[in-house]
Amino acid sequence: MPWRSRGKPDQRAELMLGALSVAVLVLIALMTLTVFAKAWPSFSHNGFISWFLPGGDVDQQIKAIENGPKTAGHYVYHLRAWPLLWATMLTTGLAVLFGLVLSILAAIFIVEFAPPPLRRVLDPVVRLLAGVPSVLYGLIGILVLAPWINANLISNGRKESVENVVQLNGNGLGLATLILMVMITPIMVSLIAGALGAVPKSWTEGSAALGVNRWRTTWRVSLRTARPAIIAAAVLATGRALGEAIMLAMVAGGRGFAPNLLDGFTVVFEPARPLAATIIQNFEELGDPPLAQTLYAFAAVLLISTALLSLAGWAAKQPLKRYGIR
Amino acid sequence: MRMTRTALVSLIAIFTLGVLPAVASARAVLLDGSTSMFPLVTQLATAYHKATHQPAPHVGQGTSGAGITDVAAGRVDIADVSRDPIIGVDPPGLRFTKVARDGVCVITNPSNHLTNISQQLVQEIFTGQIRSWSEVPGATASGPIDLFQRVASSGTQDAFQNIFLGETLKISPAADAEESEGTMRQAVISDPNGIGFTSFDFTPGTNAVGYQGIPCTLRNAKSGQYLGVRNFWMVTKGPPKGAAAKFINWVTSGNKVTKKIIASDWVVVH
């Protein structure tokens, strides 16, 4: 075997692995460049600021792009993406917010208070839940929950109160946020539980030795120590929520609409289709250049958001590093 | 060394088993487009394979608009299009071949026993002028009307627009947009207040509403009494060529097999 020359295998492995990781980086860079290059016409035709602003019905605008002339130079690009952006912020933000509270409490229970036999069951179950494909959640949402909400929670009076603007049929912001929260909570629970478990025993024991009770020790010592991990969990969960498409396309309502907080509780039932779901709803038409470029623009916004998110997470972790673990 | 030989042998095996036969036999015709044409075209494709021993055409589904962009770009051989050609919007050079006609029914939830609807009422409901079932004579649902439409590139959407609404009226922007005939049907089945429209083939499970006094049935569509009927087209880039031409010619030849398949749920034109 001539290629296995003595003394070099380490070096060769190093080179191979290095080349692979560089290849991955190059791949990501190429993908980012492609997305931005393809998205460019949509942004430049609308103006880089007005693209993000409210103005008109976004679905009608997408329809006009789709039905516009098919000869280059005459493409229609007019788009004001605010309703989709707002829907993305609402579904993601609310799901992460509620999910974070829930998962911190759940993680504390699993690590500090659950009896060991229960913990042995909970740990794998949480990890299993984190891996459930989102389309399953979407199916349950569209076949079971949405019709139930439509039949039991939305009164005709509520439907009539907003019927001049939007119709309510069970799919909407509340259901989308709820399912999204259920989807991302297990990831956060397992990350936060991991961090709580890694808090040095001497720290909590020291606190207990000073006469501080268990709950207070957890709250003031363990949780504080785990703050960087909590931020990391939130960032990861937000990333997943931002990119979630199939499930949201199924349950967020088939309409690009900016839910109006002034509608009071009704806002929970208003449709709120976010960016990623809008890509799904229109991806059959990717062969149509102006529409494809518009969809690439949505993708570019998602890409920038996740990049900014990681950056913000990193920045938020810096001051906490001194006392934290990880 | 042994590993390498095993790898080589398995590679060769993969090539001989998988790639060579694919190269040797003729390539199957690729189709894409309308979800309302999908049930018809898949049946035709299977029967074509049985009757002629040509490879069964591969039928994908998207929307009529997606089919048109795909066929114009050469990604598929034939587009299934359930709307008529639109001058100025369709890319130039496409050849439309009519293969069948299809009834488009207005559908409601099965709990709503609306039996007939006038053209004026369809227009008032779908443009959003009438928003409550209490204003619709014959409807047994109560409360606000939930409108469902299809996405922009759908052929059924275009056919509904042209047949039921005409050129100037527009479907209310509040209507929920469904991606396919299947999701449209599901949406109306799960919403007691829903109203939408689908190809006749997708009406089972829903309440198909008569239009202008004529029930939306296959018999009435065939006899020409029911007015909500549109064309099914197979679209090629230029005149059909090669395997695609063979398939289209077989479909439009008016033979016993195609007639039987088309007549089972659609209107025969050849």
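A quick note: this is a predicted structure, and the numbers were derived from the prediction, not measured.

### What about the overall build of chain A?
Then, in step 1: Of regular secondary structure, chain A possesses 13 helices and zero strands.
Then, in step 2: Each helix (α) and strand (β) of chain A, taken in turn from the N terminus, gives the series α-α-α-α-α-α-α-α-α-α-α-α-α.
Then, in step 3: Reported as C-alpha extents along the three principal axes, the dimensions of chain A are approximately 70 × 70 × 40 Å.
Then, in step 4: Of all 326 residues assigned to chain A, the portion counted as buried reaches 41%.
Then, in step 5: Put simply, of all contacts in chain A between residues at least 6 apart along the chain, 80% involve residues at least 24 apart.

### Examining the packing of helix α3 (residues 82-113) of chain A against helix α7 (residues 173-197) of chain A
All names here are of chain A.
Then, in step 1: Look at α3 against α7: their axes get within 6 Å of each other, and the N-to-C directions meet at 40°. In terms of orientation, α3 lies oblique with respect to α7. Relative to α7, α3 is oriented so that their crossing is right-handed.
Then, in step 2: Of the residues assigned to the contact of α3 with α7, the class counts are 23 nonpolar, six polar and no charged.

### Some thoughts on unusual backbone geometry
Leaving glycine aside, a negative phi is the common case for residues, and trans is the common case for peptide bonds.
Residues and elements named next belong to chain B.
Then, in step 1: Even without glycine at this site, His 53 takes up a positive phi of about 60°.
Then, in step 2: Position of His 53 among the secondary structure elements: in the loop between α2 (38-52) and β2 (58-59).
Then, in step 3: Using a count of 8 C-beta atoms within 10 Å as the deciding quantity, one classes His 53 as exposed.
Then, in step 4: Positioned with a positive phi, Gln 212 is a non-glycine residue whose angle comes to about 55°.
Then, in step 5: The topology assignment puts Gln 212 in the loop between β9 (207-211) and α7 (218-223).
Then, in step 6: A tally of 16 C-beta atoms within 10 Å means that Gln 212 is categorised as partly exposed.

### What about the nonpolar core?
Then, in step 1: Ranked by internal contacts, the top residues of the largest apolar core, which has 150 residues, are Ala 107, Ile 184, Met 188, Ile 192, Ala 233 and Val 251 of chain A together with Ile 78 of chain B.
Then, in step 2: It is α7 of chain A that contributes the most residues to this core, 17 residues altogether.
Then, in step 3: Each of domain 1 (28-101 + 230-268) and domain 2 (103-229) of chain B contributes no fewer than three residues to this core.
Then, in step 4: Not counting the four nearest positions on each side in its chain, Ala 107 of chain A is found in contact with Val 189, Ile 192, Ala 193 and Leu 196 of chain A.

### Notes on the interface of chain A and chain B
Then, in step 1: With 28 residues of chain A at the contact, the number on the chain B side is 28 residues.
Then, in step 2: Of all elements in the fold, only α2 (58-67), α5 (134-152) and α6 (156-161) of chain A reach the threshold of two or more residues within the side of chain A that touches chain B.
Then, in step 3: Here the side of chain A that touches chain B gets six residues from one element, more than from any other, and that element is α2 of chain A.
Then, in step 4: A breakdown of the residues in the side of chain A that touches chain B according to their chemical character gives six nonpolar, 10 polar and 12 charged.

### Structural notes on the domain arrangement of chain B
Residue and element names in this part refer to chain B.
Then, in step 1: Looking at the assigned domains, one finds that chain B contains domain 1 (28-101 + 230-268) and domain 2 (103-229).
Then, in step 2: Every contact between the two is made by 15 residues of domain 1 and, on the other side, 19 residues of domain 2.
Then, in step 3: Broken down by element, the side of domain 1 that touches domain 2 gets its largest block of residues, three residues, from helix α3 (residues 64-72).
Then, in step 4: Split into classes, the residues belonging to the side of domain 1 that touches domain 2 amount to four nonpolar, seven polar and four charged.

### Quick word on the pairing of strand β4 (residues 94-108) of chain B
Residue and element names in this part refer to chain B.
Then, in step 1: Direction of pairing for β4 relative to strand β10 (residues 229-237): antiparallel, over a ladder of nine bridges. Bridged to Leu 94 within β10 is Lys 237.
Then, in step 2: Two strands pair when backbone bridges link them, and β4 and strand β11 (residues 267-268) are joined in this way by two bridges, in the antiparallel orientation. The residue of β11 that forms the bridge with Ala 100 is Val 268.
Then, in step 3: Sheet topology places β4 next to strand β8 (residues 194-199); five bridges connect them, and they run antiparallel. Considered in β8, the bridge of Val 104 is made with Ser 199.
Then, in step 4: In terms of strand pairing, β4 meets β9 through three bridges, oriented antiparallel. Pairing of Val 106 across the sheet is with Val 209, part of β9.

### Observations regarding the environment of Arg 219 of chain B
Residues and elements named next belong to chain B.
Then, in step 1: By the secondary structure assignment, Arg 219 is in helix α7.
Then, in step 2: Residue class for Arg 219 comes out exposed when judged on the 9 C-beta atoms lying within 10 Å of it.
Then, in step 3: Considered as a pair, Arg 219 and Val 267 are 48 residues apart in the sequence and their alpha carbons are 9.0 Å apart.

### Focus on the packing of α2 of chain A against helix α13 (residues 289-317) of chain A
Residue and element names in this part refer to chain A.
Then, in step 1: At a minimum axis separation of 7 Å, α2 and α13 run at an interaxial angle of 140°. Our classification of the angle between α2 and α13 gives oblique. Contacts from Ile 62, Ile 65 and Glu 66 of α2 reach α13 at Pro 290, Leu 291 and Thr 294.
Then, in step 2: Considering only residue class, the contact of α2 with α13 consists of four nonpolar, one polar and one charged.

### So, the pairing of β9 of chain B
Residue and element names in this part refer to chain B.
Then, in step 1: Across the five residues that make up β9, a large majority, five, are buried.
Then, in step 2: Going residue by residue along β9, you find Asn 207, Val 209 and Tyr 211 tucked away on one face and Ala 208 and Gly 210 tucked away on the opposite face as well.
Then, in step 3: Two elements, strand β5 (residues 116-117) and β9, share two bridges in a ladder whose sense is parallel. Each bridged residue has a counterpart across the sheet, and for Asn 116 the counterpart in β9 is Gly 210.

So, how was this worked out
Residues numbered from 1 in each chain as written. Chains lettered and ligands numbered in written order. Predicted model: local features only at pLDDT ≥ 70, side-chain atom pairs only at ≥ 80, totals over all residues. Helix = DSSP H or I, 4+ residues; strand = E, 2+ residues; numbered from the N terminus. Buried ≥ 20, exposed ≤ 12 C-beta atoms within 10 Å, placed from the backbone. Contact = placed C-beta atoms within 7 Å. Axes fitted to C-alpha atoms, helices over the stretch in contact; angles between N-to-C directions. Parallel < 35°, antiparallel > 145°, perpendicular 65-115°, else oblique. Left-handed = near helix turned anticlockwise from the far one by under 90°. Nonpolar A, V, L, I, M, F, W, Y, C, P; charged D, E, K, R; others polar. Core = buried A, V, L, I, M, F, W, Y, C linked by C-beta atoms within 7 Å. Domains from an automatic or database assignment. Pairing = 2+ DSSP bridges.

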